[in-house]
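# Observations on the three-dimensional arrangement
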Amino acid sequence: MPERDLDDDFDKERALMRKAGLSRTFVDRAMATPSEDMWYPTYQQLREENIVTGTKREDMAELQRISAEEVNKNTPQTVDDITRLVSVTTRDVTVIYHMEITEPIGYLDMGIMNASLLKSVCGNKDMRLIVDEGGAYEYCYSGYGVPNNAKVVIDNCSRA
């Protein structure tokens, strides 16, 4: 008889989780985990289930400001043979990297830069999370061979 009571409790828990709007897949995974183990859903899984619904804009702006301050402790810094990170600033939820091309290169192809930076940002787990939560990254270029107002904005990883 006690074993039936456990099954009833298990079914009630499952029903409550489904009634709360959790998907069958999520509930099955949670309920399949033995009591001596612990399942830690990923942030993305929690977002998909609407358990976590996002970061407040003011919190995101503060997080981005702190991030920029940390990077600025090491600026200016050489990025590669022709690129230097001069400084980092923020505007609301956007971190802005101020880059300088230090050697003549002919012409900076912003299409190639956009594709490269999109892949880089969206391929970085931490940066992608920031973008998915409503943050953004902007790369502003100046120097040799750079068109006026050359910048790349990454605020969406769905096209990466």
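See above for the structure.
What you see is a predicted model; the values in this text were computed from it and never measured. (Residues numbered from 1 in each chain as written. Predicted model: local features only at pLDDT ≥ 70, side-chain atom pairs only at ≥ 80, totals over all residues. Heavy atoms only, no water.)

## What to know about the nonpolar core
- Membership of the largest hydrophobic core comes to 28 residues, with the highest contact counts inside it found for Tyr97, Tyr137, Tyr139 and Tyr141.
- The leading source of residues in this core is helix H5 (residues 110-123), at 6 residues.
- Ignoring anything within four residues of it in the chain, the contact list for Tyr137 reads Gln64, Thr94, Val95, Tyr97, Val121, Met127, Ile130, Val131, Val152, Val153 and Ile154.
- Among the nonpolar cores identified, the runner-up in size contains 7 residues, and Met17, Phe26, Val27 and Trp39 belong to it. (Core = buried A, V, L, I, M, F, W, Y, C linked by side-chain atoms within 4.5 Å. Buried < 20%, exposed > 50% of the residue type's maximum accessible area, 1.4 Å probe, protein only. Helix = DSSP H or I, 4+ residues; strand = E, 2+ residues; numbered from the N terminus. Contact = heavy atoms within 4.5 Å.)

## As for the pattern of salt bridges
- According to the stated counting rule, one finds 8 salt bridges in the structure shown.
- The salt bridge involving Arg57 is made with Asp92; its shortest N-O contact spans 2.4 Å. Of the two residues, Arg57 sits in helix H4 (residues 57-72) while Asp92 sits in the loop between strand E2 (83-91) and strand E3 (94-101), which places them 35 residues apart along the sequence.
- Owing to a relative accessible area of 40%, Asp92 belongs among the partly exposed residues under this scheme.
- Among the salt bridges present, the one from Glu70 reaches Lys73, with a minimum N-O distance of 2.9 Å.
- Within the structure, one salt-bridge network assembled from shared partners comprises Glu62, Arg65 and Glu69. (Salt bridge = Lys/Arg side-chain N within 4 Å of Asp/Glu carboxyl O.)

## A few points about helix H6 (residues 125-132)
- When H6 is considered as a whole, its buried residues turn out to be Met127, Ile130 and Val131. Viewed end-on, H6 has its buried residues packed into an arc of 100°, placing them on one side of the element. Away from its buried face, by an angle of more than 90 degrees, H6 presents the exposed residues Lys125 and Asp126.
- Buried residues along H6 sit against H4, E3, H5, strand E4 (136-143) and strand E5 (150-154).
- Between the side-chain oxygen at the start of H6 and the backbone nitrogen of Asp126 there is a gap of 3.0 Å, and the oxygen is on Asn124.
- Two residues or fewer past H6, Gly134 is found with a positive phi of approximately 105°. (Arc of directions from axis to C-beta. Polar contact = N/O pair within 3.5 Å; in protein donor to acceptor, adjacent residues only side chain to side chain.)

## Here's the deal with the state of the cysteines
- Using the criterion set out here, one finds 1 disulfide in the structure.
- What pairs with Cys122 in a disulfide is Cys157, and their sulfur atoms sit 2.0 Å apart. On the S-S bond that ties Cys122 to Cys157, the torsion sits near -85°, and the link is left-handed. Residue Cys122 is located in helix H5, and its partner Cys157 is located in the segment after E5; the two are separated by 35 residues in the primary sequence.
- Here Cys122 falls in the buried class, since its relative accessible area comes to 8%. (Disulfide = S-S within 2.5 Å.)

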